[in-house]
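Here's the letter readout for the chains.
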Amino acid sequence: MLLHIDSVLTAEEAAACRAALERAEWVDGRVTAGYQSARAKHNLQLAEDHPLARDLSGRIVSVLERNPLFMSAALPLHVFPPLFNRYEGGQSFGVHVDNAIRQVAGTGHRIRTDLSATLFFTNPEDYDGGELLIEDTYGTQSVKLPAGHMVLYPSTSLHQVKPVTRGARLSSFFWIQSMVRGDAQRTLLFDLDMAIQRLSAEMPDHPTAVQLTGVYHNLIRMWAEI
Ligand code: NI
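Residues numbered from 1 in each chain as written. Predicted model: local features only at pLDDT ≥ 70, side-chain atom pairs only at ≥ 80, totals over all residues. Heavy atoms only, no water.

Engineer: I tried to follow the overall build of the protein chain on my own but got confused; where do I start?
Structural biologist: Within the protein chain, the regular secondary structure consists of six helices and 17 strands. In terms of C-alpha radius of gyration, the protein chain reaches 18 Å, essentially the compact-globule figure of 17 Å for 226 residues. Residues counted as buried form 48% of the 226 residues belonging to the protein chain. Long-range contacts, defined here as pairs at least 24 residues apart, represent 76% of the contacts in the protein chain between residues at least 6 apart. On the protein chain, roughly 11,200 Å² of surface is accessible, and the fraction owed to carbon and sulfur atoms is 54%. (Helix = DSSP H or I, 4+ residues; strand = E, 2+ residues; numbered from the N terminus. Rg over C-alpha atoms; globule rule 2.2 N^0.38 Å. Buried < 20%, exposed > 50% of the residue type's maximum accessible area, 1.4 Å probe, protein only. Contact = heavy atoms within 4.5 Å. Areas by Shrake-Rupley, 256 points an atom, 1.4 Å probe, with all protein chains shown as cover.)

Engineer: Help me out: how do you make sense of the coordination of the nickel ion in this one?
Structural biologist: When a metal carries six donors in an octahedron, the ideal angles between them are 90 or 180 degrees, while four donors in a tetrahedron ideally lie at 109.5 degrees. Summarising the metal site, the nickel ion is bound by the protein donors H96 (NE2), D98 (OD) and H159 (NE2), whose distances to it range over 2.1 Å. Along the chain, the residues donating to the nickel ion fall in the pattern H-x1-D-x60-H. Taken together, the residues span a long stretch of sequence, with D98 in the loop between β7 (92-96) and β8 (101-103) and H159 in strand β15 (residues 159-161) at a distance of 61 residues. With a relative accessible area of 15%, D98 lands in the buried category. (Donors = N, O, S within 2.8 Å, 3.2 Å for Na, K, Ca; no water.)

Engineer: What's the story with a nonpolar patch on the surface in this structure? I'm lost.
Structural biologist: Taken together, the side chains of V95, V97 and L158 present a nonpolar region at the surface, about 220 Å² in accessible area. Within the secondary structure, L158 sits in the loop between β14 (150-154) and β15. Overall, L158 belongs to the partly exposed group, its relative accessible area being 38%. (Patch = residues over 30% accessible without salt bridge, like charges linked within 9 Å, V, L, I, M, F, W, Y side chains within 5 Å. Salt bridge = Lys/Arg side-chain N within 4 Å of Asp/Glu carboxyl O.)

Engineer: Before we go on, may I ask you to explain empty space enclosed by the protein in this structure?
Structural biologist: Empty space among the atoms can be located by rolling a probe the size of a water molecule over them. What the rule picks out here adds up to two cavities of 30 Å³ or more. Of the pockets and cavities examined, the largest cavity occupies roughly 270 Å³. In this structure, the largest cavity is lined by 26 residues; those nearest its centre are F93, H96, D98, H159 and F173. Of all the elements in the fold, those that place two or more residues in the lining of the largest cavity are β6 (83-88), β7, β10 (115-120), β15 and β17 (168-178). Take the lining of the largest cavity: its biggest share by element is five residues, from β17. (1 Å grid on protein atoms, 1.4 Å probe; cavity = no way out; pocket = protein on both sides within 12 Å on 5 of 7 lines; lining within 4 Å. Points joined across faces, edges and corners; volume = space filled by probe spheres on them.)

Engineer: When you look at the nonpolar core in this model, what are you seeing that I'm missing?
Structural biologist: Nonpolar side chains tend toward joint burial in soluble globular proteins. L21, F84, F121, M150 and L152 are the most contacted members of the largest nonpolar core, which totals 34 residues. Broken down by secondary-structure element, the contributors of at least two residues to this core are β1 (3-5), α1 (11-22), α3 (51-65), α4 (68-74), β10, β14, β17 and α5 (183-202). At six residues, α3 tops the list of elements feeding residues into this core. Ranked by size, the runner-up nonpolar core spans 13 residues in total, among them F120, Y127, V143 and V161. (Core = buried A, V, L, I, M, F, W, Y, C linked by side-chain atoms within 4.5 Å.)

Engineer: Looking at this structure, I do not really get the pairing of β14. What am I missing?
Structural biologist: Two faces make up the sheet, and in a regular strand the side chains alternate between them. In terms of residue burial, β14 counts as a mostly covered element, since five of its five residues are buried. Of the two faces of β14, the one lined by M150, L152 and P154 and the one lined by V151 and Y153 are each fully buried. Where β1 meets β14, three bridges bridge the pair, whose relative direction is antiparallel. Within the sheet, the bridge partner assigned to H4 lies in β14 and is V151. Bridge count for β10 against β14 is five bridges, and the pairing is antiparallel. (Pairing = 2+ DSSP bridges.)

If you want it as C-alpha coordinates, here you go:
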(Lines give C-alpha, C1' and ligand atoms only; values in the text may rest on other atoms or scores of the structure.)
Protein backbone atom coordinates (compact mmCIF):
# COMPACT_ATOMS: atom_id res chain seq x y z
CA MET A 1 0.00 0.00 0.00
CA LEU A 2 1.19 3.45 -0.92
CA LEU A 3 -0.18 6.12 1.42
CA HIS A 4 0.03 9.92 1.43
CA ILE A 5 -0.06 11.34 4.93
CA ASP A 6 -1.02 15.00 4.79
CA SER A 7 0.38 17.63 7.13
CA VAL A 8 2.77 15.54 9.19
CA LEU A 9 4.34 18.96 9.73
CA THR A 10 2.49 22.25 9.33
CA ALA A 11 3.58 24.48 6.44
CA GLU A 12 5.37 26.69 9.00
CA GLU A 13 7.22 23.77 10.61
CA ALA A 14 8.26 22.45 7.20
CA ALA A 15 9.50 25.91 6.17
CA ALA A 16 11.55 26.18 9.39
CA CYS A 17 13.13 22.76 8.72
CA ARG A 18 13.88 23.77 5.14
CA ALA A 19 15.50 27.06 6.23
CA ALA A 20 17.71 25.28 8.77
CA LEU A 21 18.67 22.61 6.21
CA GLU A 22 19.53 25.22 3.58
CA ARG A 23 22.18 26.63 5.93
CA ALA A 24 23.76 23.22 6.70
CA GLU A 25 26.84 21.60 5.13
CA TRP A 26 25.96 18.64 2.89
CA VAL A 27 28.01 15.58 1.94
CA ASP A 28 27.87 13.09 -0.96
CA GLY A 29 24.73 10.95 -0.62
CA ARG A 30 26.62 7.75 -1.37
CA VAL A 31 27.75 7.56 2.28
CA THR A 32 24.65 5.56 3.19
CA ALA A 33 24.12 3.70 -0.10
CA GLY A 34 24.68 -0.01 -0.63
CA TYR A 35 27.04 -1.28 -3.37
CA GLN A 36 24.48 -1.34 -6.16
CA SER A 37 22.51 1.78 -5.28
CA ALA A 38 25.73 3.84 -4.92
CA ARG A 39 26.06 3.61 -8.70
CA ALA A 40 22.59 5.11 -9.24
CA LYS A 41 22.65 7.68 -6.45
CA HIS A 42 23.56 11.31 -7.19
CA ASN A 43 22.49 13.63 -4.41
CA LEU A 44 23.61 15.27 -1.21
CA GLN A 45 22.93 14.22 2.35
CA LEU A 46 23.32 15.60 5.82
CA ALA A 47 25.81 13.47 7.80
CA GLU A 48 23.95 11.12 10.16
CA ASP A 49 25.78 12.53 13.20
CA HIS A 50 25.23 16.17 12.22
CA PRO A 51 23.62 17.98 15.20
CA LEU A 52 20.88 19.38 12.94
CA ALA A 53 20.11 15.89 11.59
CA ARG A 54 19.78 14.58 15.15
CA ASP A 55 17.58 17.47 16.24
CA LEU A 56 15.19 17.36 13.26
CA SER A 57 15.14 13.59 13.21
CA GLY A 58 14.07 13.43 16.87
CA ARG A 59 11.32 15.96 16.22
CA ILE A 60 10.01 14.06 13.20
CA VAL A 61 9.87 10.77 15.11
CA SER A 62 7.97 12.35 18.01
CA VAL A 63 5.47 13.99 15.63
CA LEU A 64 4.92 10.64 13.89
CA GLU A 65 4.32 8.85 17.18
CA ARG A 66 1.32 11.13 17.67
CA ASN A 67 0.04 10.75 14.09
CA PRO A 68 -2.89 8.26 14.10
CA LEU A 69 -2.77 7.62 10.35
CA PHE A 70 0.95 6.81 10.46
CA MET A 71 0.55 4.56 13.51
CA SER A 72 -2.35 2.67 11.92
CA ALA A 73 -0.68 2.24 8.52
CA ALA A 74 2.85 1.44 9.69
CA LEU A 75 2.24 -0.36 13.01
CA PRO A 76 5.84 0.62 13.81
CA LEU A 77 8.16 -1.48 15.93
CA HIS A 78 11.27 0.62 15.19
CA VAL A 79 11.64 3.87 13.23
CA PHE A 80 15.08 4.41 11.71
CA PRO A 81 16.28 7.92 12.69
CA PRO A 82 15.23 10.08 9.70
CA LEU A 83 17.98 11.13 7.26
CA PHE A 84 17.98 14.22 5.03
CA ASN A 85 18.75 14.65 1.36
CA ARG A 86 19.00 17.35 -1.24
CA TYR A 87 18.80 17.16 -5.03
CA GLU A 88 19.72 20.05 -7.29
CA GLY A 89 21.50 20.80 -10.58
CA GLY A 90 20.20 17.70 -12.39
CA GLN A 91 20.83 15.29 -9.50
CA SER A 92 18.75 12.10 -9.41
CA PHE A 93 18.58 8.62 -7.93
CA GLY A 94 18.11 5.86 -10.51
CA VAL A 95 15.90 2.80 -10.05
CA HIS A 96 16.84 0.80 -6.97
CA VAL A 97 15.45 -1.13 -4.05
CA ASP A 98 16.38 -0.13 -0.51
CA ASN A 99 18.64 -2.40 1.55
CA ALA A 100 16.65 -4.94 3.58
CA ILE A 101 18.58 -4.37 6.80
CA ARG A 102 20.01 -1.10 8.07
CA GLN A 103 22.23 -0.45 11.04
CA VAL A 104 21.56 2.70 13.03
CA ALA A 105 24.84 4.69 12.96
CA GLY A 106 26.79 4.59 16.21
CA THR A 107 24.72 1.76 17.67
CA GLY A 108 24.65 -2.01 17.23
CA HIS A 109 20.96 -1.72 16.47
CA ARG A 110 19.71 -3.08 13.16
CA ILE A 111 16.25 -2.76 11.66
CA ARG A 112 14.50 -4.61 8.88
CA THR A 113 13.14 -2.11 6.36
CA ASP A 114 9.47 -2.98 5.86
CA LEU A 115 8.31 0.53 4.92
CA SER A 116 10.08 3.47 3.33
CA ALA A 117 9.04 7.08 3.94
CA THR A 118 9.78 10.42 2.32
CA LEU A 119 8.76 13.65 4.04
CA PHE A 120 8.88 16.67 1.72
CA PHE A 121 10.25 20.06 2.83
CA THR A 122 10.07 21.90 -0.51
CA ASN A 123 6.80 22.83 -2.20
CA PRO A 124 6.38 21.36 -5.72
CA GLU A 125 6.27 24.79 -7.37
CA ASP A 126 9.76 25.59 -6.05
CA TYR A 127 11.55 22.96 -8.17
CA ASP A 128 11.19 21.12 -11.47
CA GLY A 129 11.57 17.34 -11.70
CA GLY A 130 12.38 15.42 -8.53
CA GLU A 131 9.31 13.17 -8.71
CA LEU A 132 9.57 10.04 -6.62
CA LEU A 133 8.46 7.20 -8.92
CA ILE A 134 7.34 4.08 -7.08
CA GLU A 135 6.50 0.84 -8.86
CA ASP A 136 3.61 -0.93 -7.19
CA THR A 137 1.04 -3.56 -8.10
CA TYR A 138 -1.06 -1.02 -9.99
CA GLY A 139 1.77 0.47 -12.05
CA THR A 140 4.17 3.33 -11.43
CA GLN A 141 3.03 6.07 -9.06
CA SER A 142 4.53 9.55 -9.34
CA VAL A 143 4.80 11.33 -6.00
CA LYS A 144 5.61 15.01 -5.47
CA LEU A 145 3.91 16.35 -2.37
CA PRO A 146 3.51 19.73 -0.67
CA ALA A 147 5.98 20.64 2.07
CA GLY A 148 5.11 18.87 5.32
CA HIS A 149 3.39 15.93 3.61
CA MET A 150 4.78 12.39 3.60
CA VAL A 151 4.54 9.26 1.49
CA LEU A 152 4.77 5.79 2.99
CA TYR A 153 5.35 2.75 0.73
CA PRO A 154 6.54 -0.85 0.99
CA SER A 155 10.35 -1.08 0.98
CA THR A 156 10.04 -4.00 -1.41
CA SER A 157 9.14 -1.51 -4.20
CA LEU A 158 11.54 -0.47 -6.93
CA HIS A 159 11.72 3.33 -6.92
CA GLN A 160 13.67 6.29 -8.25
CA VAL A 161 13.94 10.07 -8.00
CA LYS A 162 13.84 11.93 -11.32
CA PRO A 163 16.47 14.61 -12.01
CA VAL A 164 15.87 17.99 -10.35
CA THR A 165 16.34 20.49 -13.16
CA ARG A 166 15.41 23.72 -11.35
CA GLY A 167 15.68 24.70 -7.70
CA ALA A 168 16.49 22.26 -4.92
CA ARG A 169 14.42 19.42 -3.46
CA LEU A 170 14.94 18.93 0.27
CA SER A 171 13.38 16.05 2.09
CA SER A 172 13.73 13.53 4.85
CA PHE A 173 13.81 9.81 4.17
CA PHE A 174 13.77 6.85 6.52
CA TRP A 175 12.54 3.33 7.13
CA ILE A 176 10.23 1.56 9.50
CA GLN A 177 10.35 -1.95 10.86
CA SER A 178 6.72 -2.84 11.35
CA MET A 179 5.28 -5.20 13.93
CA VAL A 180 3.55 -6.76 10.91
CA ARG A 181 6.10 -7.74 8.29
CA GLY A 182 3.82 -8.33 5.28
CA ASP A 183 2.35 -5.50 3.24
CA ALA A 184 -0.85 -7.48 2.51
CA GLN A 185 -1.53 -8.04 6.23
CA ARG A 186 -0.71 -4.43 7.13
CA THR A 187 -3.00 -3.14 4.39
CA LEU A 188 -5.86 -5.34 5.59
CA LEU A 189 -5.40 -4.16 9.18
CA PHE A 190 -5.30 -0.53 8.04
CA ASP A 191 -8.51 -0.91 5.99
CA LEU A 192 -10.23 -2.64 8.90
CA ASP A 193 -9.13 0.07 11.35
CA MET A 194 -10.39 2.83 9.02
CA ALA A 195 -13.75 1.03 8.60
CA ILE A 196 -14.15 0.61 12.38
CA GLN A 197 -13.41 4.30 12.89
CA ARG A 198 -15.99 5.33 10.29
CA LEU A 199 -18.59 3.00 11.78
CA SER A 200 -17.92 4.32 15.29
CA ALA A 201 -18.23 7.91 14.09
CA GLU A 202 -21.43 7.35 12.12
CA MET A 203 -23.16 4.98 14.54
CA PRO A 204 -21.70 5.45 18.02
CA ASP A 205 -22.34 2.53 20.38
CA HIS A 206 -23.17 0.14 17.55
CA PRO A 207 -22.38 -3.29 19.06
CA THR A 208 -20.77 -4.47 15.82
CA ALA A 209 -17.98 -1.93 16.30
CA VAL A 210 -16.90 -3.81 19.45
CA GLN A 211 -16.98 -7.11 17.62
CA LEU A 212 -14.92 -5.75 14.71
CA THR A 213 -12.44 -4.19 17.14
CA GLY A 214 -12.04 -7.67 18.62
CA VAL A 215 -11.32 -9.08 15.17
CA TYR A 216 -8.74 -6.31 14.58
CA HIS A 217 -6.87 -7.09 17.78
CA ASN A 218 -7.02 -10.82 17.24
CA LEU A 219 -5.47 -10.38 13.77
CA ILE A 220 -2.71 -8.27 15.35
CA ARG A 221 -2.17 -11.05 17.91
CA MET A 222 -1.87 -13.53 15.04
CA TRP A 223 0.53 -11.50 12.89
CA ALA A 224 2.55 -9.14 15.10
CA GLU A 225 6.17 -9.86 15.96
CA ILE A 226 7.54 -7.73 18.79
NI1 NI B 1 15.53 4.36 -1.96
